[in-house]
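# Per-entry structural report
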Amino acid sequence: PLAYHQSPIEYSAMSQQLYSWSAITPQGELQNGENIGSTRQQVYLRLTHMGYQPLRLKYRQTLTRRYWKAAARIAFFKQIAALLQAGLPLLNAMRLLAEQHELPGWRCLINTLADDISVGDSFSDTLRRYPQVFPALYATLVGVGEMTGKLDVCCQQLAIQQEQQLQLQKKVKQALRY
């Protein structure tokens, strides 16, 4: 695990902020990107840990709980399940989803999850680091999928269950409004 990890308790107590950056890679190339961190220093340290020499680090927005919508979580798990069922390794599936996501906060989060997995962390452990994004149920069910070798099925079932719960919540709200 990398040195910049925080415990879920510490992380959940801090607000998340999205930063855009420019840096020189270890190969001497200019690269631009986005990253999430609780502080500017945390993002700076993450870039230097990757071997980059940061040139510019600009605050973009604060990512509150409202940013991490349930529908986006459900879509993420449906897509992960589909890519795993198609035979793509988890790390490749996550990199592909990160590239294609339209929201910068989600792109950064998925890339961060992929980075953690690439250094040997389990998918369930990486989800536990973001309790404000992924409720405990997600990490628990993903852990079951990892232990049983049926991660694709668990991700798909989780997405279906959460989608049904979301629909039920909408119906209840609608009924209460009526």
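Residues numbered from 1 in each chain as written. Predicted model: local features only at pLDDT ≥ 70, side-chain atom pairs only at ≥ 80, totals over all residues. Heavy atoms only, no water.

## Topic: the overall build of the chain
Along the backbone of the chain there are eight helices and three strands. Counting from the amino terminus, helix and strand elements in the chain follow one another as α-β-β-α-β-α-α-α-α-α-α. Relative to the 2.2 N^0.38 estimate, which gives 16 Å for 178 residues, the radius of gyration of the chain is 17 Å and therefore close to what a compact globule would have. Within the chain, buried positions represent 42% of all 178 residues. Intrachain contacts of the chain at a sequence separation of at least 6 include 58% that bridge at least 24 residues. Taken together, the 19 basic and 12 acidic charged side chains of the chain have centroids lying 12 Å from each other. (Helix = DSSP H or I, 4+ residues; strand = E, 2+ residues; numbered from the N terminus. Rg over C-alpha atoms; globule rule 2.2 N^0.38 Å. Buried < 20%, exposed > 50% of the residue type's maximum accessible area, 1.4 Å probe, protein only. Contact = heavy atoms within 4.5 Å. Lys, Arg positive; Asp, Glu negative; His and termini not counted. Charge placed at Lys NZ, Arg CZ, Asp CG, Glu CD.)

## Describing the side chain of Thr25
Of note, Thr25 is situated in the loop between β1 (16-24) and β2 (30-37). For Thr25, a relative accessible area of 6% gives the class buried. Here Thr25 is in contact with Gln31, Gly51 and Tyr52, once residues within four sequence places are set aside.

## Describing the confidence of the model for the chain
Within the chain, residue pLDDT values average 88, and 92% of them lie at 70 or more. Across residues 1-13, confidence stays below pLDDT 50; counting only partners more than four residues off in sequence or on other chains, it has 28 contacts. (pLDDT = per-residue confidence, 0-100.)

## Structural notes on the state of the cysteines
Within this structure, the stated rule accounts for zero disulfides. In this structure Cys154 is a free cysteine whose sulfur lies 7.1 Å from that of Cys155, the closest cysteine sulfur available. With a relative accessible area of 16%, Cys154 lands in the buried category. Relative accessible area serves as the criterion here: at 0%, Cys155 is assigned to the buried category. (Disulfide = S-S within 2.5 Å.)

## Things to note about the pattern of salt bridges
All chains considered together, the criterion is met by seven salt bridges. In this structure, Arg129 engages Asp116 in a salt bridge whose closest nitrogen and oxygen atoms are separated by 3.2 Å. Here Arg129 is found in the loop between α6 (123-128) and α7 (136-148), whereas its partner Asp116 is found in helix α5 (residues 104-118), with 13 residues between them in sequence. Judged by relative accessible area, Arg129 falls into the buried class, the value being 14%. Among the residues examined, Asp116 registers a relative accessible area of 0% and is labelled buried. (Salt bridge = Lys/Arg side-chain N within 4 Å of Asp/Glu carboxyl O.)

## Things to note about the packing of aromatic side chains
Counted according to the given criterion, the structure contains 12 aromatic pairs. Each ring, one from Trp68 and one from Trp106, has its centre 5.2 Å from the other, and the planes form 75°; the classification is edge-to-face. Of this pair, Trp68 sits in the loop between β3 (53-63) and α3 (70-85) while Trp106 sits in helix α5; the two residues are 38 residues apart in sequence, bridging distant segments of the chain. Residue Trp68 is classed as buried on the basis of its relative accessible area, which comes to 3%. When its relative accessible area of 0% is taken as the criterion, Trp106 is described as buried. Look at Phe77 and Tyr138: their rings are 5.1 Å apart centre to centre, the planes differ by 55°, and that puts the pair in the tilted class. On the criterion of sequence distance, the pair formed by Phe77 in helix α3 and Tyr138 in helix α7 is long-range, its members being 61 residues apart. What links up through ring pairs into an aromatic cluster is the set Tyr67, Trp68, Phe76, Phe77, Trp106, Phe123, Phe134 and Tyr138. (Phe/Tyr/Trp six-rings, centres within 6.5 Å; stacked < 30°, edge-to-face > 60°.)

## Let's talk about the packing of α7 against helix α8 (residues 151-177)
It is the contact of α7 with α8, at a shortest axis distance of 7 Å, that shows an interaxial angle of 150°. Here α7 is positioned roughly antiparallel relative to α8, judged by the angle of their axes. Here α7 and α8 pass one another in a crossing that is right-handed. Every residue of α8 that contacts α7 at Leu137, Tyr138, Leu141, Val142, Val144, Gly145 and Glu146 is listed here: Leu151, Cys154, Cys155, Leu158, Gln161 and Gln162. (Axes fitted to C-alpha atoms, helices over the stretch in contact; angles between N-to-C directions. Parallel < 35°, antiparallel > 145°, perpendicular 65-115°, else oblique. Left-handed = near helix turned anticlockwise from the far one by under 90°.)

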